[in-house]
Amino acid sequence: MNTQIDLGGAFTLPGTSLTVNRMGYGAMQLAGPQVWGPPRDVDAAIAVLREAVASGVNHIDTSDFYGPHVTNQIIKRALHPYPDGLVIVTKVGARRGSDKSWNHALEPQQIIDAVHDNLRNLSLDALDVVNLRVGGISGPMEASIEVPFTVLAELKQQGLIRHLGLSNVSPNQLAQAQTITDVVCIQNYYNVAQRADDTFIADLAKQAIAYVPFFPLGGFSPLQSSELNAVAASLGATPMQIALAWLLHRSTNVLLIPGTSSTAHLRENLGAASIQLPAEALAQLDSIAQAPAH
């Protein structure tokens, strides 16, 4: 039997009854290589999900374009009927090409179809949180999000979605979305070496909006840093654990969704929530990246 552990404290999404532990789980790696097709070992993927929830994880990040469809189907197989308090956050706005490419899917009917794909494959009547994914591979692109976000707001009014968030967006795009309906979370690229959103995070904290960094460990190119390695060695932890611990320390509105397909790696990630970073370690980690001026 798993023992629930400290997962970095809790955070309540603004204007909602949804309270999640700050250390969550990202399901992207449950699909096969290149986030395409089924994993080599479906039973192992199911075991990771079940151990995460048994350990106290109650925030799972997913999308029906992971696989596509595969990740949500594994979540359903592993966890349905879902335990009380489990918050599943999904995203729409992209689709996979037959060549495994990642393409925008922001037309109104594409948004509607994606929401229904998520509902069907997760076997849900309503989705807790849906993030609209926009922008490019390397970050946000300034463009209007009014049309796709209005479609999501209408689906929210219909009761198919409870709350909405945004992924890969700028502060200007958040402001535009907030003229349409409430936004409870932002999911952007951010980690100890990639700190373009420092000011954005502070502004979101003032609004009690969650900030959920994707690629908290560097994504497809894992973080490599002598400073990170040195701090990890001094604290008897792995570099990846220190990178996660730094994010939890960064701001109380930061929620983490590190992903893995391994139960051993899952335990390592969750263990990062209990690491205390002394002042000298924080200074060393802060030197890895200089945040650009806004």
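Above this text you will find the structure in question.
Read on for a plain summary of the structure.

What counts, and where the lines are drawn
- Numbering of residues starts from 1 in each chain and follows the order in which that chain's sequence is written.
- Residue-level local features of this predicted model are given only where pLDDT is at least 70; pairs of side-chain atoms are given and counted only at 80 or more, and the full residue set underlies all totals for whole chains, interfaces and linings.
- Only hydrogens and water are set aside; all other atoms, that is, all heavy atoms of the structure, feed into the side-chain values.
- A pair of strands counts as paired when DSSP detects no fewer than two bridges linking them.
- Helical segments are the DSSP runs of H or I of at least four residues, strand segments are the runs of E of at least two, and each set is numbered from the N terminus.
- For this analysis, a salt bridge means a side-chain nitrogen from Lys or Arg found within 4 Å of a carboxyl oxygen belonging to Asp or Glu.
- Here the term buried applies to any residue with accessible area under 20% of the maximum for its type, exposed to any over 50%, and partly exposed to those in between, with areas from a 1.4 Å probe on protein chains only.
- Definition used in this section: a nonpolar core is a set of buried Ala, Val, Leu, Ile, Met, Phe, Trp, Tyr and Cys residues joined via side-chain atoms within 4.5 Å.
- Residue contacts follow a heavy-atom distance rule, with two residues in contact if any of their heavy atoms lie within 4.5 Å.
- In summary, the pairing rule links any two rings of Phe, Tyr or Trp, Trp by its six-membered ring, whose centres are within 6.5 Å, and it sorts them by plane angle into stacked for under 30 degrees, edge-to-face for over 60 and tilted for everything else.
- Charge-over-ring placement is defined geometrically: NZ (Lys) or CZ (Arg) within 6 Å of the ring centre, and within 35 degrees of the ring normal.

With respect to the sheet that holds strand β3 (residues 25-26)
Part 1 of the argument: Taken in spatial order, the 7 strands of this open sheet run β3-β4-β5-β8-β9-β10-β11, and their pairing is parallel. Here the strands that pair on one side only, and so sit at the sheet edges, are β3 and β11 (210-214).
Part 2 of the argument: Pairing between strand β5 (residues 87-92) and strand β8 (residues 127-133): 4 bridges, direction parallel. For Val89, the partnering residue across the bridge sits in β8 and is Val129.

Considerations on the pattern of salt bridges
Part 1 of the argument: In the structure shown here, the tally under the stated rule is 8 salt bridges.
Part 2 of the argument: Across the pair Arg77 and Asp43 runs a salt bridge, and its minimum N-O distance is 3.7 Å. Here Asp43 lies in helix α1 (residues 42-54) and Arg77 lies in helix α2 (residues 70-79), a separation of 34 residues in the sequence. This pair shows no difference in class: Arg77 is exposed, exactly as Asp43 is.
Part 3 of the argument: Asp198 serves as the salt-bridge partner of Arg250, at 3.2 Å between the closest nitrogen and oxygen. Taken together, the residues span a long stretch of sequence, with Arg250 in helix α8 (residues 239-250) and Asp198 in helix α6 (residues 198-206) at a distance of 52 residues.
Part 4 of the argument: Judged by relative accessible area, Asp198 falls into the buried class, the value being 13%.
Part 5 of the argument: Each member of the salt-bridge network shares a partner with another, and the members are Arg195, Asp198, Arg250 and Asp286.

Quick word on the nonpolar core
Part 1 of the argument: Counting residues in each nonpolar core, the largest one holds 77 residues, and the members touching the most others are Leu152, Leu166 and Ile186.
Part 2 of the argument: At 8 residues, the largest contribution of residues to this core is made by α8.
Part 3 of the argument: In this view, Leu152 contacts Val92, Ile111, Val115, Val130, Leu132, Ile161 and Leu164; residues no more than four positions away in its chain are not counted.
Part 4 of the argument: By size, the runner-up hydrophobic cluster in this structure holds 13 residues, among which are Leu13, Val20, Val129 and Ile257.

Let's talk about the packing of aromatic side chains
Part 1 of the argument: The final tally for this structure, using the stated rule, is 8 aromatic pairs.
Part 2 of the argument: A centroid spacing of 5.9 Å and a plane angle of 90° characterise the contact between Phe65 and Trp102, whose relative ring orientation is edge-to-face. Taken together, the residues Phe65 in the loop between β4 (59-61) and α2 and Trp102 in strand β7 (residues 102-104) connect sequence positions 37 residues apart.
Part 3 of the argument: Residue Phe65 is classed as buried on the basis of its relative accessible area, which comes to 6%.
Part 4 of the argument: An angle of 10° between the planes, with centres 6.0 Å apart, marks the rings of Tyr189 and Phe214 as stacked. Of the two residues, Tyr189 sits in strand β10 (residues 185-189) while Phe214 sits in strand β11, which places them 25 residues apart along the sequence.
Part 5 of the argument: Assessed through its relative accessible area of 16%, Phe214 is described here as buried.
Part 6 of the argument: One aromatic cluster in this structure is built from Phe65, Tyr66 and Trp102.
Part 7 of the argument: A cation over a ring is seen here: Arg96 above Trp102, with NZ or CZ 3.8 Å from the ring centre.

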